[in-house]
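The chain contents come next:
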Amino acid sequence: MHHAFALIDCNNFYVSCERVFNPKLLGRPVVVLSNNDGCIISRSDEAKALGIKMGAPLFQAREAVAAGGVAVFSSNYALYGDMSARVMETLHEFTPEVEVYSIDEAFLDLSGCREADLSELGRRIRAQVYQWTGIPVSVGIAETKTLAKVAARVAKSSCKARGVVNLVASPHLEQALERVAIQDVWGIGPNYARLLRTHGVTNALELRAVDDRWMRRRTSVTGQRIVLELRGTSCLPLELCPPSQRSLTVSRSFGRPVETLAEVREAVACYTTRAAEKLRRRQLAANVLVVFLMTNRFRDAPQYAASTVVRLPAATAYTPELIGHALAGVEQIYRAGYEFKKAGVTLIELVPEAPVQSAMFDRLDRERAQRLMQTVDEINRRMGSQTLRFAATGLKQTWQTRLEHRSPRFTTCWEELLRPQKPPAKT
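Computed from a predicted structure; not experimentally measured.

Chemist: Describe the overall build of the protein chain, naming the residues involved and giving the relevant values.
Modeler: What the protein chain contains, in helices and strands, is 13 helices and 12 strands. When the backbone C-alpha atoms are referred to their principal axes, the protein chain occupies close to 75 × 65 × 45 Å. The proportion of buried residues among the 427 residues of the protein chain is 47%. The long-range fraction of contacts in the protein chain, counting pairs at least 24 apart against all pairs at least 6 apart in sequence, stands at 69%. Summing over all exposed atoms, the protein chain offers an accessible surface of approximately 23,100 Å²; the carbon and sulfur share of this is 52%. Charge-centre separation for the protein chain: the mean point of 57 positive side chains lies 3 Å from the mean point of 44 negative side chains.

Chemist: Break down the sheet that holds strand E1 (residues 5-10) for me, with residues and values.
Modeler: Here five strands make up an open sheet; going across it, the order is E5-E6-E1-E7-E8 and the pairing mixed. Two strands close off the open sheet at either side, each with one partner strand: strand E5 (98-102) and strand E8 (164-166). Neighbour-to-neighbour, the strand axes of the sheet open up by a mean angle of 15 degrees, direction not taken into account. Where E1 and strand E6 (residues 105-109) come together, five bridges link them in antiparallel fashion. Paired with Phe5 across the bridge in E6 is Asp109. Helix-sheet contacts for helix H4 (residues 77-91) involve E1, E5 and E6, and the interaxial angle to E6 is about 10 degrees. Running at roughly 160 degrees to E8, helix H5 (residues 115-133) makes contact with E1, E6, strand E7 (137-142) and E8 of the sheet.

Chemist: So what's going on with the packing of aromatic side chains? Residues and values would help.
Modeler: By the definition in use, this model includes 13 aromatic pairs. Aromatic side chains Tyr14 and Tyr80 sit 4.4 Å apart centroid to centroid with 10 degrees between the ring planes, which places their arrangement in the stacked category. Here the residue Tyr14 occupies a position in helix H1 (residues 13-20), and Tyr80 occupies one in helix H4, the gap between them amounting to 66 residues. In this structure Tyr14 comes out as buried when scored by relative accessible area, which is 17%. Relative accessible area serves as the criterion here: at 0%, Tyr80 is assigned to the buried category.

Chemist: An account of the nonpolar core is needed here, citing residue identities and associated values.
Modeler: Of all hydrophobic cores here, the largest spans 37 residues; its most connected members are Ile8, Phe13, Leu91, Leu108, Ile125 and Ile135. Those elements that provide at least two residues to this core are E1, H1, strand E2 (30-33), strand E4 (71-73), H4, E6, H5 and E7. For this core, the element with the highest residue contribution is H4, accounting for six residues. When near neighbours in sequence (up to four residues on either side) are disregarded, Leu108 contacts Ala4, Phe5, Ala6, Ile8, Leu91, Thr95, Glu97, Val98, Ile125 and Leu238.

Chemist: Pulling in residues and values, what's your account of the pattern of salt bridges?
Modeler: Taken as a whole and judged by the stated rule, the model has 20 salt bridges. Between Asp212 and Arg231 there is a salt bridge; the shortest N-O distance is 2.8 Å. Here Asp212 is found in helix H10 (residues 212-230), whereas its partner Arg231 is found in the loop between H10 and strand E9 (247-258), with 19 residues between them in sequence. Asp212 gets classed as partly exposed once you look at its relative accessible area, which sits at 24%.

Chemist: Go over the environment of Arg402 with me, naming the residues and quoting the values.
Modeler: Turning to its location among the elements, Arg402 is positioned in the segment after helix H13 (366-383). On the accessibility criterion, Arg402 (34% relative accessible area) is partly exposed. Sequence separation between Arg402 and Asn35 is 367 residues, and the spatial gap between their C-alpha atoms is 7.5 Å. Filtering out sequence-adjacent residues up to four positions away, Arg402 remains in contact with Asn36, Asp37 and Gly255.

Chemist: Summarise the side chain of Glu105; cite the residues concerned and give the values.
Modeler: By the element assignment, Glu105 lies in strand E6. For Glu105, a relative accessible area of 11% corresponds to the buried category. For Glu105, the side chain forms a polar contact with the side chain of Lys149, separated by 2.7 Å. Beyond its immediate stretch of four places on either side in the chain, Glu105 contacts Leu7, Ile8, Asp9, Met88, Glu99, Val100 and Lys149.

Chemist: Can you lay out unusual backbone geometry for me, pointing to particular residues and giving the numbers?
Modeler: Even without being a glycine, Asn12 presents a positive backbone phi close to 40 degrees. Tracing the backbone through its elements, the reader meets Asn12 in the loop between E1 and H1. With relative accessibility at 18%, the residue Asn12 sits in the buried group. Look at Gln283: it is not a glycine, yet its phi comes out positive at around 55 degrees.

Chemist: Tell me about the environment of Met294, residues and numbers included.
Modeler: Of note, Met294 is situated in strand E10 (residues 284-295). On the basis of relative accessibility, which here comes to 30%, the residue Met294 falls in the partly exposed class. Counting along the chain gives 47 residues from Met294 to Lys341, while the straight-line C-alpha distance between them is 6.1 Å. In this structure, Met294 is in contact with Tyr304, Ala305, Phe340, Lys341 and Lys342, ignoring residues within four places of it in sequence.

Chemist: Could you give an account of the sheet that holds E4, naming the residues involved and the relevant values?
Modeler: One open sheet holds the three strands; their spatial order is E3-E2-E4, and the pairing between them is mixed. Every interior strand has two partners, whereas the edge strands, strand E3 (40-43) and E4, have only one. Each strand axis lies, on average, 25 degrees off the axis of its neighbour in the sheet, ignoring direction. Sheet topology places E2 next to E3; three bridges connect them, and they run antiparallel.

What counts, and where the lines are drawn
Residues numbered from 1 in each chain as written. Predicted model: local features only at pLDDT ≥ 70, side-chain atom pairs only at ≥ 80, totals over all residues. Heavy atoms only, no water. Helix = DSSP H or I, 4+ residues; strand = E, 2+ residues; numbered from the N terminus. Buried < 20%, exposed > 50% of the residue type's maximum accessible area, 1.4 Å probe, protein only. Contact = heavy atoms within 4.5 Å. Areas by Shrake-Rupley, 256 points an atom, 1.4 Å probe, with all protein chains shown as cover. Lys, Arg positive; Asp, Glu negative; His and termini not counted. Charge placed at Lys NZ, Arg CZ, Asp CG, Glu CD. Pairing = 2+ DSSP bridges. Axes fitted to C-alpha atoms, helices over the stretch in contact; angles between N-to-C directions. Phe/Tyr/Trp six-rings, centres within 6.5 Å; stacked < 30°, edge-to-face > 60°. Core = buried A, V, L, I, M, F, W, Y, C linked by side-chain atoms within 4.5 Å. Salt bridge = Lys/Arg side-chain N within 4 Å of Asp/Glu carboxyl O. Polar contact = N/O pair within 3.5 Å; in protein donor to acceptor, adjacent residues only side chain to side chain.

Here it is, written out as structure tokens:
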């Protein structure tokens, strides 16, 4: 049986999520900003046509945004994460073998499908994802995951492809490889791309012809696998069980400079709460907590950055316990007289939550704590994030990251559900 992989790639994903709930944005240039409304991290095709660059700070693109009538949105990660889950759930309707590669990409194993049916299956996947979620996707099908990446890139850029490219036993394979620049080949980073260009390798087709021994000597076995994958030899199976996560970080830039200890404590408590929620969702517990704090190194002002490491008495995902240790860490590293830009919490030495053993003198009732957190998580899941929250996180949270252009969290917050518009009054 031949191998066949499909890569499903959501087009301009963050922009597409905004358009699902606001059809007036269709055909209009749209950009989505990073945390604190800083840089552009997603662009519609219309915004790309205006010359707006990916990663550019918004202030540098102000003129193009104003002249082009560009709609600007703050990041709405609650919405994007939920829409991603809906896309991935739809893909499981076609095969149980789905590797969620990122928030907007997934690999499917289609090896059981006949070659003649692969293109039609790709079109069905694309149509059903759009019908069920409103998200447009590109589908690339090939005999290896690396070639599927190539196919998806061509599907996204070619008008003739109509969103689906099948390179299995295709006479157009070499033409597709020639269209992909060396820096755009999956797995080829900037350093490898520079090295290969100095040796005359500028696209995927030329990379496929590189000598095996030379490639392995210059780029290790990883580079050789990429070459083999481009030749149609599958070296990268689907990762249906992703490796266990080793660390987890929650950090944010403040919406304004923060100076007081009280505000830093609130922010760190808030970030710790979020980190603990993520731990429990992944059924993990942390042995070590790191708190860090820093000023803005781009400002002409006194600079300070510090962190502290706390080894926990026992591995835990219990929010009150983590908050207590995090705030003790803040007390150690905080210094008055500085304008802080960012704070965060990193949890490391993560282990599965179930088999955690309490220390002999650990007074915390772990089972009761776990039941309490399950109840809090369930209420917040049903009623909206932060329906129940800890007093240490504060009430006003005036330090919060700027979200001046954020759309409603249509699918995860009761107060922000989409409501029908009232028809205009008759005159």
